[in-house]
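# Summary of structural features
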Amino acid sequence: MKKFLIAISLLFTLCSCHHNDDPEPDTLASRTVLVYMAAENNLASFAEEDLEEMKAGSKSLRKDQNLVIYVDRAGSNKTPYLARIYNGELVDTLYMSKGIAADPKVLLYALKQTKTVYPAQSYGLVLWGHASGWLISENTVMSSRAYGGSTGDGSSTSPGRYWMNIPEMADAISSAMGNDKLKFIFGDCCNFGAIEIAYDL
């Protein structure tokens, strides 16, 4: 009996002393990038092509790099959605209720969801859609210093009637990101490279 107890004690000692020198995998991604696509307008036909390009490109990403998209597209049978593009496929798709990409509240929500579901050491934002630059429009101040161009009715016949002013965009980004500042903001849209827009952001 004494030998049996010694053997059991040794077994527990060996098991409890086992040590793994390899560090635990870090679940925090190195970077998460959100591509925010305002395509409920006459750019809708380009959206699908660009999505396919991103799917192809995602196959070259590392496992710790997240490519996330928010898509509001005209002529689509899908409601606006947020998804990750991973290894050429859409995963973790979150379909949303009504809302248009030109609404700062929608941008704020998309950024917050992206941060919550795909936390990372750094973040980036790509804005895809129309932009009106800095000059004041003849029609309305809302169309100046603006981004988006959502029609609001699912059609693709115009550049859109709803716009997000750059100062409102800056407020939405600041509220959503908090202390996690964006490493970069890219504008895949016309008239978005002005120094005045960079200043407002």
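Parameters at a glance
Residues numbered from 1 in each chain as written. Predicted model: local features only at pLDDT ≥ 70, side-chain atom pairs only at ≥ 80, totals over all residues. Heavy atoms only, no water. Helix = DSSP H or I, 4+ residues; strand = E, 2+ residues; numbered from the N terminus. Buried < 20%, exposed > 50% of the residue type's maximum accessible area, 1.4 Å probe, protein only. Contact = heavy atoms within 4.5 Å. Polar contact = N/O pair within 3.5 Å; in protein donor to acceptor, adjacent residues only side chain to side chain. Expected span 1.5 Å × (residues − 1). Arc of directions from axis to C-beta. Salt bridge = Lys/Arg side-chain N within 4 Å of Asp/Glu carboxyl O. Pairing = 2+ DSSP bridges. Disulfide = S-S within 2.5 Å. Phe/Tyr/Trp six-rings, centres within 6.5 Å; stacked < 30°, edge-to-face > 60°.

Looking only at helices and strands, the protein has five helices and nine strands in total. The linear arrangement of helices and strands in the protein, starting from the amino end, is α-β-α-β-β-β-α-β-β-β-β-α-β-α. Of all 201 residues assigned to the protein, the portion counted as buried reaches 41%. Of all intrachain contacts in the protein linking residues separated by at least 6 positions in sequence, the fraction that spans at least 24 positions is 66%.

For the rest of this paragraph, the subject is the side chain of Thr32. Position of Thr32 relative to the elements: it lies in strand E1 (residues 29-39). A polar contact of 2.8 Å, which involves the side chain of Thr32, links it to the backbone oxygen of Tyr118.

Quick look at helix H4 (residues 166-177) now. Between its first and last C-alpha, H4 extends 16 Å over twelve residues, near the 16 Å set by a 1.5 Å rise per residue. Where H4 is concerned, the buried positions are Ile166, Met169, Ala170, Ala172, Ile173, Ala176 and Met177. Axial view of H4: buried residues confined to an arc of 165 degrees, hence all on one face. Where the residues of H4 are buried, they touch helix H3 (104-117), strand E5 (120-128), strand E7 (146-150), strand E8 (162-165), strand E9 (182-188) and helix H5 (195-200). Of the residues trailing H4, Gly178 is marked for its positive phi of about 60 degrees.

Before going further, it helps to examine the pattern of salt bridges. Tallied over the full model, the rule gives four salt bridges. One salt bridge in this structure joins Lys55 and Glu52, with 3.3 Å as the shortest N-O distance. One end of the pair is Lys55 and the other is Glu52, both in helix H2 (residues 44-58) and three residues apart, which spans about a single turn.

So, on to the environment of Pro159. Following the sequence through the fold, Pro159 ends up in the loop between E7 and E8. As a C-alpha pair, Pro159 and His130 span 29 residues in sequence and 7.2 Å in three-dimensional space. Excluding its chain neighbours within four sequence positions, the residues that come into contact with Pro159 are Asn41, Asn42, His130, Gly149 and Ser150.

What follows deals with the sheet that holds strand E6 (residues 130-131). If you trace the three strands from one edge of the open sheet to the other, you get E6-E7-E8, paired in antiparallel fashion. The open sheet terminates on both sides in strands that have one partner only, identified here as E6 and E8. Two strands pair when backbone bridges link them, and E6 and E7 are joined in this way by two bridges, in the antiparallel orientation. Bridge pairing in E7 places Ala131 opposite Tyr147.

With that out of the way, let us pick up the state of the cysteines. Every disulfide links exactly two cysteines, by a covalent bond between their sulfur atoms. Under the defined criterion, the tally for this structure stands at zero disulfides. Looking at the unpaired Cys189, the closest cysteine sulfur is the one in Cys190, lying at 7.5 Å. The buried category is assigned to Cys189, whose relative accessible area is 14%. Of the residues examined, Cys190 reaches a relative accessible area of 55% and is grouped as exposed.

Turning our attention to the packing of aromatic side chains. Following the criterion strictly, the structure yields five aromatic pairs and no others. Ring plane angle 40 degrees and centroid distance 6.4 Å describe the contact between Tyr36 and Tyr147, whose orientation is recorded as tilted. Of the two residues, Tyr36 sits in strand E1 while Tyr147 sits in strand E7, which places them 111 residues apart along the sequence. Here Tyr36 and Tyr147 have matching classes, each one buried. With a centroid separation of 6.3 Å and 65 degrees between ring planes, the pair formed by Tyr147 and Phe192 is classed as edge-to-face. Placement of the pair is Tyr147 in strand E7 and Phe192 in the loop between E9 and H5, with a sequence separation of 45 residues. Aromatic ring contacts, followed pair by pair, group Tyr36, Tyr70, Tyr147 and Phe192 into a single cluster.

The analysis is restricted to geometry; functional conclusions fall outside its scope.
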